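# Report on the structure
Listed below are the residues making up each chain.
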Amino acid sequence: MATLYDEALPYLQLEGVGKRFGAFQALSDVDLQIRRGEFVCFLGPSGCGKTTLLRIIAGLEQHDVGRIVQAGRDISALPPADRDYGIVFQSYALFPNLSIADNVAYGLVNRRQPRAAVAARVEELLALVGLPGSGGKYPAQMSGGQQQRVALARALATSPGLLLLDEPLSALDAIVRLRLRKEIRALQRQLGVTTIMVTHDQEEAMSVADRIVVMNHGVIEQVGTPMQVYREPATPFVADFVGKASRLQAVAEGDRWFRAGALRLQCPPGQAAGFRPGAPVALYLRPEDRLVEGFDATHPGACSGTVQRIEFAGSNCLAEMAVDGLPGQPVQLQFSLNQMEEFGVREGAALRFALRTDRLRVFPATSSAGAAA
Ligand code: ATP
């Protein structure tokens, strides 16, 4: 399948891809470039079109408009068998009547390789996914996690240029899921295979992806590294969907100043431009973007409030604060368990803190704020 192409170009390129199911627009104008060896996650809520996009790349679904180029070759019209990928589905999709070895060998046998070469490759693949010597077993004799490793071995059998993973971990229990996702990432790095994984789990995407493609209602909202989509969400949807954030309704006052209730907050330069005084906006702030000490009353985000509720989340807790001068707009602050003790954070306690105004994100209030809720 090797095609000569310029390595400086993206390995996979989607240009203006669109798809309708009857009257329903499942994907609109999807542009995306993926570099060779990248691990990219398609992340978004149920129904946003991520699986449809993956299936279009695989040729299992035909797009209506646009172009798909893989390794310099326009694959838009090619049937799945003529494309260069391996795929793993959520349901392990192994053949129950075939041994594990025969399942893994499936793609190789179809390509008419000599029997001894197939057997050696199968053993190599099973070792690669941590299941050496399991070739004689049958799928029913294996756990869900093991079956998914077999599915991975099968997908990698032909050393495809592209590995497509359609929610491969969502049928597994939490511990197996965590372990397997680490293993998939390590394997992907080892092999250097360009990989796309569909997931609706933002933590999963953040932990494995080089870049995340955040999707909503059939469009790409943002493409960026996990840090970029978390720290610099491009849209209110991304700010809501990835991680936790407090959203404050505010009004622009000019010169990057915004008024939320009785608070006046100044946003950092660069992202608060173009809001005319009087324009309604939504300000977003992550729960960890707060100070509890090391600031004084002149700090631009200094405030006080009362702890309304505490949500325990393992080593961290989220305290929902009723902020003085900001009625009806609770702000979530994050504390470690040690900080809870240190700062006396408990329900009903009064607290002085400062919002990290340098971390505020500002969006027009009229856009899709809250769409992820
Ligand atoms: P999920 O995580 O729930 O699978 P998703 O983001 O992967 O969600 P898709 O499976 O891509 O979403 O589906 C996108 C939209 O297209 C959904 O509204 C779905 O109902 C619709 N859809 C998908 N396949 C078809 C089909 N064959 N016929 C009609 N509508 C479809």
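Throughout, residues of each chain are indexed from 1 in the direction in which the sequence is written. Confidence filtering applies because this is a predicted model: local features only for residues at pLDDT of at least 70, side-chain atom pairs given and counted only at 80 or more, and all residues used for totals across whole chains, interfaces and linings. The basis for every side-chain value is the complete set of non-hydrogen atoms in the structure, without hydrogens or water.

## Quick look at the site of the ligand
Nearness is judged by heavy atoms alone; a residue qualifies as near a molecule or strand once a single heavy atom is within 4 Å of it. Around the ligand sit Phe21, Phe24, Ala26, Pro45, Ser46, Gly47, Cys48, Gly49, Lys50, Thr51, Thr52 and Glu167, and those are all the residues in its vicinity. Under the rule applied, a polar contact is a pair of N or O atoms within 3.5 Å (in protein, one hydrogen donor and one hydrogen acceptor; residues adjacent in sequence only if both atoms are side-chain atoms). At 2.9 Å from an oxygen atom of the ligand is found a side-chain nitrogen or oxygen belonging to Lys50. One nitrogen or oxygen atom from the side chain of Thr51 is found 2.6 Å from an oxygen atom belonging to the ligand. Numbering of helices and strands starts at the N terminus; helices are DSSP runs of H or I of at least 4 residues and strands are runs of E of at least 2. Counting only elements with at least two residues in the shell around the ligand, the list comes to β2 (24–34) and α1 (50–58). Ranked by the residues each element gives to the shell around the ligand, the list is headed by α1, at three residues. Only Asp, Glu, Lys and Arg are considered charged in this grouping, and only Ala, Val, Leu, Ile, Met, Phe, Trp, Tyr, Cys and Pro are considered nonpolar; every other residue, Gly among them, is considered polar. Looking at the shell around the ligand residue by residue, the class counts come to five nonpolar, five polar and two charged.

## Focus on the pairing of strand β7 (residues 162–166)
With a 1.4 Å probe rolled over the protein chains alone, any residue whose accessible area is under 20% of its type maximum counts as buried; one over 50% counts as exposed, and the rest are partly exposed. In terms of residue burial, β7 counts as a mostly covered element, since five of its five residues are buried. Neither face of β7 is left uncovered, since the one carrying Leu162, Leu164 and Asp166 and the one carrying Leu163 and Leu165 both have all their residues buried. Here strand β6 (residues 85–88) pairs with β7 via four bridges, running parallel. Bridging across to β7, Val88 finds its partner in Leu165. Being paired, for any two strands, means DSSP has found at least two bridges between them.

## Here's the deal with the environment of Arg112
Here Arg112 shows up in the loop between α2 (100–110) and α3 (115–128). Judged by its relative accessible area of 75%, Arg112 is exposed. Separated by 50 residues in the primary sequence, Arg112 and Leu162 place their C-alpha atoms 21 Å from one another.

## Focus: unusual backbone geometry
Positive phi outside glycine occurs at Ser159, with the angle close to 50°. Mapped onto the secondary structure, Ser159 falls in the loop between α4 (144–156) and β7. Ser159 sits in the exposed class, given a relative accessible area of 52%. One non-glycine residue with positive phi stands out, namely His217, at about 50°. Take His217: it is sitting in the loop between β9 (211–216) and β10 (219–224). Residue classification places His217 among the exposed residues on the basis of a relative accessible area of 64%.

## Some remarks on the environment of Val122
Within the secondary structure, Val122 sits in helix α3. Relative accessible area serves as the criterion here: at 5%, Val122 is assigned to the buried category. Each C-alpha atom, one on Val122 and one on Asp173, is 27 Å from the other, the two residues being 51 residues apart in sequence. Contacts of Val122, omitting those with residues within four sequence positions, involve Ala101, Val104 and Ala105. Residue contacts follow a heavy-atom distance rule, with two residues in contact if any of their heavy atoms lie within 4.5 Å.

## Considerations on the nonpolar core
Here the nonpolar core consists of buried residues drawn from Ala, Val, Leu, Ile, Met, Phe, Trp, Tyr and Cys, with membership extended through side-chain atoms lying within 4.5 Å. Val104, Leu152, Leu165 and Val242 are the most contacted members of the largest nonpolar core, which has 44 residues in total. Residue contributions to this core peak at six residues, all from α4. Look past the residues within four positions of Leu165 in its chain and what remains in contact with it is Phe39, Leu54, Val88, Leu152, Ile184, Thr195, Ile196, Met197 and Val198. Core analysis: the next-biggest nonpolar cluster, separate from the first, contains 32 residues, Leu248, Cys267, Val331 and Phe343 among them.

## What about α1?
Think of an α-helix as 3.6 residues a turn; residues three or four steps apart then line up on the same face. Most of α1 is tucked away, with seven of its nine residues classed as buried. For α1, the full list of buried residues reads Lys50, Thr52, Leu53, Leu54, Ile56, Ile57 and Ala58. At the exit of α1 stands Gly59, carrying a positive phi of roughly 80°.

Bear in mind that shape data such as this cannot, by itself, settle questions of function.
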